[in-house]
Amino acid sequence: MKQTQRHDAIINLVRQQGYVSTEELVDHFAVSPQTIRRDLNDLAEQNKIQRHHGGAALPSSSVNAAYHDREVMWSAEKARIAARVASQIADGDTLFIDIGTTPEAVAHALLGHKNLRVVTNNLNVATLLTAKEDFRLILAGGEVRTRDGGIIGEATLDFISQFRLDYGILGISSIDLDGSLLEFDYHEVRTKRAIIDNSRCVMLVTDHSKFGRSAMVNLGKMDLVDYLFTDQLSPPGVMTLIEHSDVKLELC
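What counts and how
Residues numbered from 1 in each chain as written. Predicted model: local features only at pLDDT ≥ 70, side-chain atom pairs only at ≥ 80, totals over all residues. Heavy atoms only, no water. Phe/Tyr/Trp six-rings, centres within 6.5 Å; stacked < 30°, edge-to-face > 60°. Buried < 20%, exposed > 50% of the residue type's maximum accessible area, 1.4 Å probe, protein only. Lys NZ or Arg CZ within 6 Å of the ring centre and 35° of its normal. Salt bridge = Lys/Arg side-chain N within 4 Å of Asp/Glu carboxyl O. Helix = DSSP H or I, 4+ residues; strand = E, 2+ residues; numbered from the N terminus. Pairing = 2+ DSSP bridges. Axes fitted to C-alpha atoms, helices over the stretch in contact; angles between N-to-C directions. Contact = heavy atoms within 4.5 Å.

## Concerning the packing of aromatic side chains
Considering all chains together, one arrives at 2 aromatic pairs under this definition. Judged by centre distance (5.3 Å) and plane angle (50 degrees), the rings of Phe159 and Phe163 are tilted. With centroids separated by 5.8 Å and ring planes inclined at 25 degrees, the aromatic side chains of Tyr227 and Phe229 adopt a geometry described as stacked. The residues Tyr227 and Phe229 share a single accessibility class, namely buried. Seen from the ring of Tyr227, Lys248 lies directly overhead, with NZ or CZ sitting 5.5 Å from the centre.

Here's what the structure looks like:
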């Protein structure tokens with residue numbers, strides 16, 4: 001493969017996954033690590049990717065991918081994560097379900113449960129769970145974000161703060177290489193903090209493409225969550241922070 005073709009292919013992989021490691025690229029293209037590092041340096045100089053130690057991510061940190069695009073990205077991995085989360089939730093439990101495609105996958109995996117009580121600020125989750133007559137479903141008030149069905153704003157914060165539930169099922173746009181949990185929307189970060197503050201156990205659900213990805217609003221550090229459900233080991237630096245934060249890692 002010519003260098004220009006490889007560059008285009010690398011960009012496509014980064015767009016699809018959000019983050020790719022140097023090791024993945026070496027295996028994918030069957031070239032040396034030195035070749036991939038040169039490719040990534042060239043692409044970073046052209047602002048086509050953002051270079052990280054150990055890999056590359058999307059250059060933009062202000063806008064997330066379209067919701068329908070994210071629904072099909074890593075759908076098999078999200079389904080595995082969702083199934084593992086659902087296996088740890090008992091009939092009759094109470095839970096928050098957050099905005100995002102992976103929390104939505106968890107909601108789908110919970111359809112076989114009975115008598116759950118669910119508070120959500122995700123219209124897609126609410127629509128999905130209306131099929132369960134034995135569930136008690138409570139939809140948060142607030143401003144509807146039309147691009148993804150998320151509900152955010154001051155009214156949402158006040159509403160969520162009225163509850164104290166067993167589980168908070170939380171999605172995230174990015175886990176930075178220093179362990180920071182990042183989002184694209186300041187209002188969404190505030191809503192996630194309200195869910196964290198009012199959950200007895202916080203379960204963060206995310207596929208591996210979120211590691212090292214760029215997003216501009218800082219939610220906080222890894223010690224905010226109790227469990228991390230993902231499909232691959234995170235980069236070594238993040239793994240160290242997970243261990244130091246006493247977060248239970250569940251590989252799915």
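## Focus on the pattern of salt bridges
Summed over all chains, the structure comprises 12 salt bridges. Salt-bridge contacts for Arg200 lead to Asp166; the nearest nitrogen and oxygen are separated by 3.1 Å. Note that Arg200 is positioned in strand β12 (residues 199-205) and Asp166 in strand β9 (residues 165-170), a separation of 34 residues in sequence. Each member of the salt-bridge network shares a partner with another, and the members are Asp98, Arg145, Asp148, Glu183, Asp185, Glu188 and Lys192.

## Quick look at the sheet that holds strand β6 (residues 136-139)
In a beta sheet, neighbouring strands pair by backbone hydrogen bonds and run either parallel or antiparallel. What the 7 strands build is an open sheet, ordered β6-β5-β4-β9-β12-β14-β15; its pairing is parallel. The open sheet has two edge strands, β6 and β15 (248-251), and neither has a second partner. Adjacent strand axes in the sheet meet at a mean angle of 20 degrees, parallel and antiparallel pairs treated alike. Two strands pair when backbone bridges link them, and strand β14 (residues 227-230) and β15 are joined in this way by 4 bridges, in the parallel orientation. Across the sheet, residue Phe229 finds its bridge partner in β15, namely Glu250.

## As for the sheet that holds strand β1 (residues 19-21)
Pairing within the open sheet is antiparallel, and its 3 strands lie in the order β1-β3-β2. Pairing within the sheet leaves two strands with one partner each, and these edge strands are β1 and β2 (50-52). Mean inter-strand twist for the sheet, computed between neighbouring axes without regard to direction, equals 20 degrees. One ladder, built from 3 bridges, connects β2 with strand β3 (residues 55-57); its direction is antiparallel. Opposite Arg51, over in β3, you have Ala56 as the bridge partner. Of the strands in this sheet, β1, β2 and β3 are in contact with helix α2 (residues 22-29), which crosses β1 at around 75 degrees. Against the sheet, helix α3 (residues 33-45) makes contact with β2 and β3, and its axis sits at roughly 140 degrees relative to β2, the strand it touches most.

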